[in-house]
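In case you want the letters, here they are:
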Number of protein chains: 2
Amino acid sequence: MEQRIDRIKKQLHSQSYKLTPQREATVRVLLEHEKDHLSAEDVYLLVKEKAPEIGLATVYRTLELLNELEVVDKINFGDGVSRYDLRKEGAEHFHHHLVCMECGAVDEIQEDLLGDVEKIVEKEWNFKIKDHRLTFHGICHRCQEKPAKKKEKVNPTQ
Amino acid sequence: MEQRIDRIKKQLHSQSYKLTPQREATVRVLLEHEKDHLSAEDVYLLVKEKAPEIGLATVYRTLELLNELEVVDKINFGDGVSRYDLRKEGAEHFHHHLVCMECGAVDEIQEDLLGDVEKIVEKEWNFKIKDHRLTFHGICHRCQEKPAKKKEKVNPTQ
DNA sequence: ATGTCTGCAAAGTGTTTGCAAAACA
DNA sequence: TGTTTTGCAAACACTTTGCAGACAT
């Protein structure tokens, strides 16, 4: 935890940004919720618990900054909100997501399953791949077990 | 063209919706711009050329309806706008996209490259896949040929 | 007549920006 | 001191909604 903060601090400094208390609080929230896919508002509310004086705009600006530094990835599951996902250190490929259409849960797949596909795309389409986004929409293992109850359909809207 | 309109008409009727002139004009615009990835506003402006009295809200409502009927797919490349992509008839899998970070062009891959990957995900993660979204961000073949000139970086922001 | 659909304007939502004050180097 | 960062409020961009009138069956 502290080491990761430290590394992010250095990364900021290397571009002459500062790790202000507000930014640190934001980063901490992200670290403590690595598994969730928080929206800016979510982050704001969580940061506010520790540092009530922070403003929403600051959170947005911090998240934007972290996105530029590639500390976080900004993702969008099509529900109209941007979510922010901490990059695994050293991960050169963005991980994949499983979005449950029943309960809305978002699980992550850390393994890179696209190696072969990317080779094909680079060769056949002559496209130099820098990054990818892969999301599956379907029913998660938890909901498959549950006896199907009345469900509000969640559209794979994105 | 006329056949496709006709089929969409039947699909609407089967759910007791009507293919009103406004809806038809909207569908025609989509058919005429199948390769583009139009935003609601884009569609609105194009429809307006033929049917100037149409309202933006109607276009939104029509696109929403077409999305529910799975005539179009609503997609989001992370630039804050929803785009609408006509489904290929009979295509059960959503096609993939190549987004160029240099010129912003969006190309499509119709082939389904994810068959094997989906098998793995269904088995290993016990996730019942209904749909997927796969987008590659990188440099398109056109920009690779161009002598690299001053480029505005387009973030894989989504 | 009954219900669907439309256009307009207003409201909503998530995000960004302008600015003066505060913090920092 | 000069630069960066912050909080607030206002501005923004895209999308949705309420409603009265138009249309269709």
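As recorded in an unreviewed UniProt entry, chain A goes by Fur family transcriptional regulator and comes from Aliibacillus thermotolerans. UniProt lists a comment for chain A under the heading Sequence similarities (unreviewed entry), and it reads "Belongs to the Fur family."

Before going further, it helps to examine the domain arrangement of chain A. Residues and elements named next belong to chain A. Looking at the assigned domains, one finds that chain A contains domain 1 (1-90) and domain 2 (93-148). Each of domain 1 and domain 2 has a C-alpha centre, and these two points are 23 Å apart. Between domain 1 and domain 2, a total of about 750 Å² is buried, with carbon and sulfur atoms accounting for 53% of that surface. Inspection of the domain 1/domain 2 interface yields 1 salt bridge. Among the ionic pairs, Arg133 bridges to Asp73, the shortest N-O distance being 3.7 Å. For the side of domain 1 that touches domain 2, the elements supplying multiple residues, two or more each, are strand S2 (72-76) and strand S3 (82-86). Per-element accounting of the side of domain 1 that touches domain 2 gives the leading share, 3 residues, to S2. Tallied by class, residues from the side of domain 1 that touches domain 2 come to 3 nonpolar, 1 polar and 7 charged.

Attention now goes to the protein's contact with DNA strand C. In the vicinity of DNA strand C lie 19 residues, with Tyr60 of chain A together with Thr20, Gln22, Thr58 and Arg61 of chain B positioned nearest. Atoms of DNA strand C within 4 Å of the protein belong to the sugar or the phosphate in 77% of instances, the rest to bases. The side chain of Arg61 of chain A places a nitrogen or oxygen atom 3.4 Å from a base oxygen of DNA strand C. The separation between a phosphate oxygen of DNA strand C and a polar main-chain atom of Glu53 of chain B is 3.0 Å. Contributing elements (two or more residues each) for the surface near DNA strand C: helix H4 (56-68) of chain A together with helix H2 (21-32) and helix H4 (56-68) of chain B.

Core analysis: the largest hydrophobic core is formed by 29 residues, its most contacted members being Val121 and Phe136 of chain A together with Val121 and Phe136 of chain B. With residues near it in sequence (within four places) discarded, Val121 of chain B still touches Leu98, Ile109, Leu113 and Phe136 of chain A together with Asn126, Phe127 and Ile129 of chain B.

Let's shift gears to the environment of Leu66 of chain B. Residue and element names in this part refer to chain B. Relative to the elements of secondary structure, Leu66 occurs in helix H4. Expressed as a C-alpha distance, the spacing of Leu66 and Leu86, which sit 20 residues apart in the sequence, is 9.1 Å. Beyond its immediate chain neighbours, meaning those up to four positions away, Leu66 contacts Ile8, Val27, Leu30, Val71 and Val72.

With an RMSD of 0.1 Å, chain A superimposes on chain B once it is rotated by 180 degrees and translated 0.0 Å along the axis. In symmetry terms, the pair is related by a two-fold rotation axis. No C-alpha of chain A lies nearer the rotation axis than that of Leu134 of chain A, which sits 2.2 Å from it. Interface residue correspondence from chain A to chain B reaches 100%, placing this contact among same-surface, isologous pairings.

Let's shift gears to the environment of Lys130 of chain B. With respect to the element layout, Lys130 of chain B can be found in strand S6 (residues 128-139). Taking the C-alpha atoms as reference points, Lys130 of chain B and Ile75 of chain B, 55 residues apart in sequence, are found 16 Å from one another.

All right, on to the pattern of salt bridges then. Applying the stated rule across the entire model yields 30 salt bridges over all chains. Between Asp131 of chain A and Arg133 of chain A there is a salt bridge; the shortest N-O distance is 3.0 Å. Judged by its relative accessible area of 4%, Asp131 of chain A falls in the buried class. According to the relative accessible area criterion, Arg133 of chain A is buried, its value standing at 5%. Between Asp107 of chain B and Arg142 of chain B there is a salt bridge, with the nearest N and O atoms lying 3.0 Å from each other. Pair noted here: Asp107 of chain B is in strand S5 (residues 106-109) and Arg142 of chain B is in helix H6 (residues 141-145), with a separation of 35 residues, a long-range link. You can call Asp107 of chain B partly exposed: its relative accessible area is 22%. Ionic contacts of the salt-bridge type, sharing partners, join the residues Asp73, Arg87, Asp131 and Arg133 of chain A into one network.

Moving on to the environment of Glu111 of chain B. Topologically, Glu111 of chain B is positioned in the loop between S5 and helix H5 (115-124). Between the C-alpha atom of Glu111 of chain B and that of His95 of chain B, which follows or precedes it by 16 residues, the distance is 6.9 Å.

What counts, and where the lines are drawn
Sequence positions are assigned chain by chain, starting from 1 and proceeding in written order. Here chains are named by letter from A upward and ligands by number from 1 upward, in the order in which they appear as written. For a predicted model such as this one, the threshold for reporting local features is a pLDDT of at least 70, and the threshold for listing and counting side-chain atom pairs is 80 or more; totals across whole chains, interfaces and linings nevertheless cover every residue. Values reported for side chains reflect all heavy atoms of the structure, with hydrogen atoms and water molecules removed beforehand. UniProt positions are given in the numbering used here, feature names are shortened, and annotations may be inferred rather than shown by experiment. Start and end positions for the domains come from either an automated domain assignment or a database one. Summed over both partners, the accessible surface that disappears when two parts come together, traced with a 1.4 Å probe, is what is meant by buried area. Any Lys or Arg side-chain nitrogen found within 4 Å of a carboxyl oxygen on Asp or Glu counts as a salt bridge. Secondary structure elements follow DSSP: runs of H or I no shorter than four residues count as helices, runs of E no shorter than two count as strands, and numbering proceeds from the N terminus. Note on residue classes: Ala, Val, Leu, Ile, Met, Phe, Trp, Tyr, Cys and Pro are nonpolar, Asp, Glu, Lys and Arg are charged, and everything else, Gly too, is polar. The cutoff for a nearby residue is simple: one of its non-hydrogen atoms must lie within 4 Å of the molecule or strand. Polar contact criterion, stated in full: a pair of N or O atoms within 3.5 Å, where within protein one must be able to donate a hydrogen and the other to accept it, and residues adjacent in sequence count only if both atoms are side-chain atoms. Here the nonpolar core consists of buried residues drawn from Ala, Val, Leu, Ile, Met, Phe, Trp, Tyr and Cys, with membership extended through side-chain atoms lying within 4.5 Å. Only protein chains enter the calculation, and the probe is 1.4 Å; a residue is then buried if its accessible area is under 20% of its type maximum, exposed if over 50%, and partly exposed in between. What makes two residues a contact is simply this: any of their non-hydrogen atoms within 4.5 Å. For this overlay, a least-squares fit was computed on C-alpha atoms, restricted to residues scoring pLDDT of at least 70 in both copies.

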